[in-house]
Amino acid sequence: MDAPQAAAFLPRFLRWNRRAPQPEASPIQLFQRRIYVLPSGAGLAYAAALLTLLLASINYNLSLGYALTFLLGGVGVASLVQAFRNLLHLEIRPAHCAPVFQGESAAFVLRLENRRDTPRPALSLRAGNGETLLELPAASAADAVLNLPATRRGWLPIGRVTLETRFPLGLVRAWSILHPDLRGLVYPAPENDPPPLPAGTGDGHGRLARATGDGDFTGLRAHQRGDSPRHIAWKALARGGPVLTKQFAGQAGEHVELDWHALPGALDDEARLSRLAAWLLAAENGGHTYALRLPGTTLPYGHGPAHLRDALRLLALHGHAAER
Amino acid sequence: MPPNVEVSRRTAFCLLAAASVTVLPHAGHLPPWLVALCVLLLGWRGAQLLDRVKGLPRWLVLGVALAAALAIKIDFGHFFGKDPGVALLAVLLCLKLLEGGSPRDARVAVLLSFFLQLGLFFYDQTMGVAALALAGTLLAVTALFGLHQPRAPLPGLLRGAATLVLQGLPFMLVLFVFFPRIEGPLWGLPADAHSAVSGLSDTMEPGSISELSLSDAIAFRAAFAGEPPPNALRYWRGPVLTEFDGRTWRAVRTTSTAAPAYQPGGPVYAYSLTLEAHNRRWLLALDYPDAGLDDLLYADDFQLLAARPVRARARFDLRSRPHTPVGMEESAAVLAAVRRLPAQGNPRARALAARLAADGADAGTIVSRAFDHFASGNYTYTLTPTLLGAHSVDEFLFDTLEGFCEHYASAFVFLMRAAGLPARVVTGYQGGQVNPIDDTVVVRQSDAHAWAEVWIDGQGWRRVDPTAAAAPQRIERGLGESIRAGDPRPLLMRPEFSWLREFRHRWEAVSNHWNLWVLGYNEDRQRDLLARLGLETDWRTLTLATGAAAGLLMLALLGWAFHQRRSADPLDQAWQAFCRRAARHGLPRHAWEGPLDFATRLADRFPAHAGELRRIASDYARMRYRAADGPAAVRELSQRIRRIDFT
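How each quantity is defined
Residues numbered from 1 in each chain as written. Chains lettered and ligands numbered in written order. Predicted model: local features only at pLDDT ≥ 70, side-chain atom pairs only at ≥ 80, totals over all residues. Axes fitted to C-alpha atoms, helices over the stretch in contact; angles between N-to-C directions. Helix = DSSP H or I, 4+ residues; strand = E, 2+ residues; numbered from the N terminus. Parallel < 35°, antiparallel > 145°, perpendicular 65-115°, else oblique. Contact = placed C-beta atoms within 7 Å. Nonpolar A, V, L, I, M, F, W, Y, C, P; charged D, E, K, R; others polar. Core = buried A, V, L, I, M, F, W, Y, C linked by C-beta atoms within 7 Å. Buried ≥ 20, exposed ≤ 12 C-beta atoms within 10 Å, placed from the backbone. Pairing = 2+ DSSP bridges. Expected span 1.5 Å × (residues − 1). UniProt positions renumbered as here; feature names shortened; annotations may be inferred.

Student: Would you mind showing me how to read the packing of helix H12 (residues 392–400) of chain B against helix H13 (residues 405–418) of chain B here?
Tutor: A pair of packed helices can be characterised by two numbers: the angle between their axes and the separation between those axes. All names here are of chain B. Two numbers describe how H12 lies on H13: the axes approach to 10 Å, and their chain directions differ by 105°. For the element pair H12 / H13, the angle class is roughly perpendicular. Residues Val 393, Phe 396 and Leu 397 of H12 touch H13, and the partners they reach there are His 407, Ser 410, Ala 411 and Phe 414. The residue makeup of the contact of H12 with H13, split by class, is five nonpolar, two polar and no charged.

Structural data, given as structure tokens:
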């Protein structure tokens, strides 16, 4: 290959190597063609030691030295095959990934199934910075959880997953690259300390409502994202207790419309989404009925966890029309 | 695996055991202080693992390492050589165990233990050492194996490691046989590389051979093509000593040629001699080597020499003719050298020589008179003679009257020279024991011997063994029955240990094979073996053979790796057995047919079993497609399938 051709080949290879992965059909079965095996650092040190032993055996005519060297070499080869075998015919099924808010970490769950009647120890799964270790007993299945940081809203694919083992002796690294068909939804991060909910149309009260407003204090509940810091039970926290949010008998049961277009013009798109996310949480927590109006789409009034999920999903996928 | 994780206690114990099995056999040749240090360090590590003591701080470990290195330098005088190297390795391995419990430390310790195991082979390559090395390897592999399975129980770890070692064994055999053997050394060996050998030397003084005689170690073995010669003819020639300074006999320079200086004659004995490494050139051939032995040299004092010192056990195919007349024409220079005596010393012996040579006696008469003097002089044959002073010959002949073969030979040659006859001392081995198991003659260091040769005009060199005059049974039956009762003698020569001798014979017949085929497997043996397989012994063939054999083994291993899967899904197997049985009764399952539909069809055909057939199918479908039941449920289903009776 000529130098210029080689020069052209390299970027192409890198592009190919980093190409957007095509998710694979489930279940992913590890056949021999997709398992790679190479010596690890420890394996290279082992090989160097064996070479030294061999040279010493030749030099000093040590018959048992030859035997020891060759036995250790054989053990190395056997460990190579065993590392390969530890991955061979493993089945991986994408399980699920619960939606998270931007800035949190998404927990991707993969189900690994070992159909063989021998265990598969020392497996490691890696995706991005997330790594998890597990061990599969004979004829069993187990869930592996990989945590990936959710840095952008929208769909977060699990991407490229490396399944690796250094079993049995750590001399050899056997691995396979997977692209499981698994993605998690990332909601926009709720704005910290958002302004109060916009005015709702109350049930006959006809006045400005503040969800979880400043009415009479009724109790405490666990802190959720989007709760205003003003309502955190600081005294309870100072006593070493959990983070709790004070609840007030506000004007629950109002109809609140959360409208993209009604937000101040100075806010950019992501800031609007953040505020809307915070409001959605506040509205749901406050027990209101709420509607969401976004450019091009509208979610009618409703409440409850399913309604909240639908609303947050709309925010998450705003502007990602093609990916819905 | 993150490097800062501590290895499990089980793994640490395996590592400690591996290190102990590797370090402790070295105790025999390491200085005692070093052995004590190693035992202390290993013991400390053991106590630390049992939570009895704390770990040593890092600075202390480093300090001990430096101090030990310094002490080794002082003790051995140098660093570069196998002895100080092995000593250093032993200390480093023990310290490495104490230094830390990280997997990386464990890996380094395992590699060190492999090096130290090889170090053991410098000193000893017997079957016992091989078994120890195998145990050490197994433990070290177990330790490596445990690094990745912190929670696995010990028996499981051992089983896993044993599987690996067993899978490695065929590779070892193939490589051992086919890997091209090169005769070392590849580079210069340290000066002490071959120091640990015992045997004859090219000097002799009172006590040097009797010291050797206490050793049971084998000097060489000779396998005769037919009947071995009688004991009295079994003189195995080593260094011939000419120069005498009143106390010590020394060899002189000889010339060697590709053909003997004599005309071989008389009956011939063909034998193959397996010589232990003695780091010398002499081959200890039976007197007198026949002409036409390839690649060997004939010295003018009738020794047979190898081209290079024998540094590894080696086999030579030889022929000897004990009745050959030798030295019919001897050079004047040699004859002058074998007449020379110190000007002073041993006056009484000189006077005796004058009496022997009185009346103008001819050479034959002088020799037989001297021989008679030893036979009738109440001399005692003993391994522990009284120490001799300045006039060693006089004191032996007239005062102490007790000595070992070197005393007799030395005194006899002195008398001959003083009487004017050319004579010299020959050292070597005499006799040897026939092993009844494999009919080889085994010659040990305890068979070391010294005798005399007298040159008589017209007769050439004539062997005279004055020991035979004083203790005839030494030559006829060997050392064990000839020395004084109460003398220390090699254990196996004591009459009450005949059962032990029998065992020893068997053991040595096995070790002989071990020596020939395992330790002595060298370039020549490899060529022999491959020729028997019909293979050439060039590098290409060897490389191809190694590659092909290793490739086949690799395929077998891969077959093992794949095979597990096919037999692995017992549920599918059970279902397939079910389908096969149905097919035999005329109802094969269609490819498109799901289990439940198939069961419906079967139930129509075999209404007596309809219920069970449907249950089997639905259980299978449930296990297959919904929940993964445990292996017990699968076994139960497979039993039900076997029990079902299609009639």
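Structure's up, so let's keep going.
Student: Honestly, the nonpolar core in this entry has me stumped. Any pointers?
Tutor: For soluble globular proteins, nonpolar side chains are generally found buried alongside one another. Residues Leu 280 of chain A together with Leu 15, Ala 19, Ala 90, Cys 94 and Val 141 of chain B are the most contacted members of the largest nonpolar core, which totals 141 residues. The biggest single contributor to this core is helix H3 (residues 63–87) of chain A, with 15 residues. Once residues lying within four places of it in the same chain are set aside, the contact partners of Leu 280 of chain A are Leu 258, Tyr 290, Leu 292, Leu 308, Ala 311 and Leu 312 of chain A. Core analysis: the next-biggest nonpolar cluster, separate from the first, contains 84 residues, Leu 241, Tyr 379, Ala 418 and Val 426 of chain B among them.

Student: Help me understand the sheet that holds strand S1 (residues 28–29) of chain A in this model?
Tutor: Strand pairing in a sheet relies on backbone hydrogen bonds. The paired strands run either parallel or antiparallel. Residue and element names in this part refer to chain A. Strand order in the open sheet made by the four strands is S1-S3-S5-S8, with antiparallel pairing throughout. Bordering the open sheet on either side are S1 and strand S8 (140–149), each of which pairs with just one other strand. Both S1 and strand S3 (residues 91–97) contribute to a ladder of two bridges, which runs antiparallel. The residue bridging Ile 28 from the neighbouring strand is Ile 92, located in S3.

Student: Please clarify how the environment of Leu 557 of chain B should be interpreted in this entry.
Tutor: With respect to the secondary-structure elements, Leu 557 of chain B resides in helix H18 (residues 539–566). The exposure class assigned to Leu 557 of chain B is buried, which follows from the 22 C-beta atoms found within 10 Å. Linking Leu 557 of chain B and Gln 167 of chain B, residues 390 residues apart in sequence, is a C-alpha distance of 7.7 Å. With residues up to four places along the chain from it excluded, the contact list for Leu 557 of chain B reads Ala 78 and Val 81 of chain A together with Gln 167 of chain B.

Student: How should I be thinking about the pairing of strand S7 (residues 130–136) of chain A in this particular structure?
Tutor: The side chains of a regular strand alternate, residue by residue, between the two faces of the sheet. Residue and element names in this part refer to chain A. Note: strand S6 (residues 120–127) against S7, six bridges, orientation antiparallel. The partner of Arg 126 across the bridge, within S7, is Glu 131. In textbook terms, the turn of a hairpin is the stretch between consecutive antiparallel strands, and for S6 and S7 this stretch comprises two residues, one of which, Gly 128, has a positive phi near 55°.

Student: How should the sheet that holds strand S4 (residues 100–101) of chain A be read in this particular structure?
Tutor: Residues and elements named next belong to chain A. With mixed pairing, three strands are arranged side by side in an open sheet as S4-S12-S9. The open sheet terminates on both sides in strands that have one partner only, identified here as S4 and strand S9 (154–157). Note that S4 and strand S12 (residues 183–187) share two bridges and pair parallel. Bridge pairing in S12 links Phe 101 to Tyr 187. Its contacts with the sheet place helix H6 (residues 305–316) against S9 and S12, and it is angled at close to 90° to S12.

Student: What is the right way to look at the interface of chain A and chain B in this model?
Tutor: Many structure descriptions define interface size as the accessible area lost when the parts assemble. Of the residues lining the interface, 45 residues belong to chain A; the matching set on chain B comes to 50 residues. Sorting the residues of the side of chain A that touches chain B by element identifies helix H2 (41–60), H3 and S6 of chain A as the ones contributing at least two each. The element best represented in the side of chain A that touches chain B is H3 of chain A, accounting for 18 residues. Grouping the amino acids of the side of chain A that touches chain B by side-chain chemistry returns 30 nonpolar, ten polar and five charged.

Student: For this particular structure, what's the right way to read H3 of chain A?
Tutor: For the α-helix, the turn length of 3.6 residues means that residues three or four positions removed from each other point alike. Residue and element names in this part refer to chain A. Between its first and last C-alpha atoms H3 spans 37 Å; for 25 residues at 1.5 Å apiece the expected length is 36 Å, and the two agree. Burial analysis of H3 places 25 of its 25 residues in the buried class, which makes it a mostly covered element. In the segment just after H3, His 89 is the residue with positive phi, at about 65°.

Student: Hey, could you run me through the UniProt feature "transmembrane region" (unreviewed entry) in chain B in this one?
Tutor: The feature "transmembrane region" (unreviewed entry), as annotated in UniProt, sits at residues 30–47, 59–80, 130–148, 160–179 and 542–562 of chain B in this numbering. In residues 59–80 of chain B, the share of helix is 82% and the share of strand is 0%. The end C-alpha atoms are 26 Å apart.

Student: Looking at this structure, how should I read unusual backbone geometry?
Tutor: Most of the time, phi is negative for any residue but glycine, and the peptide bond is trans. Looking along the chain, the bond that leaves Phe 167 of chain A and enters Pro 168 of chain A is cis, with omega of 0°. As for its position among the elements, Pro 168 of chain A is in the loop between strand S10 (161–165) and strand S11 (172–178). In this structure, Ala 122 of chain A is a non-glycine residue whose phi angle is positive, near 55°. Inspection of the secondary structure puts Ala 122 of chain A in strand S6. Of note, the phi angle at Asp 51 of chain B is positive, near 65°, even though the residue is not glycine.

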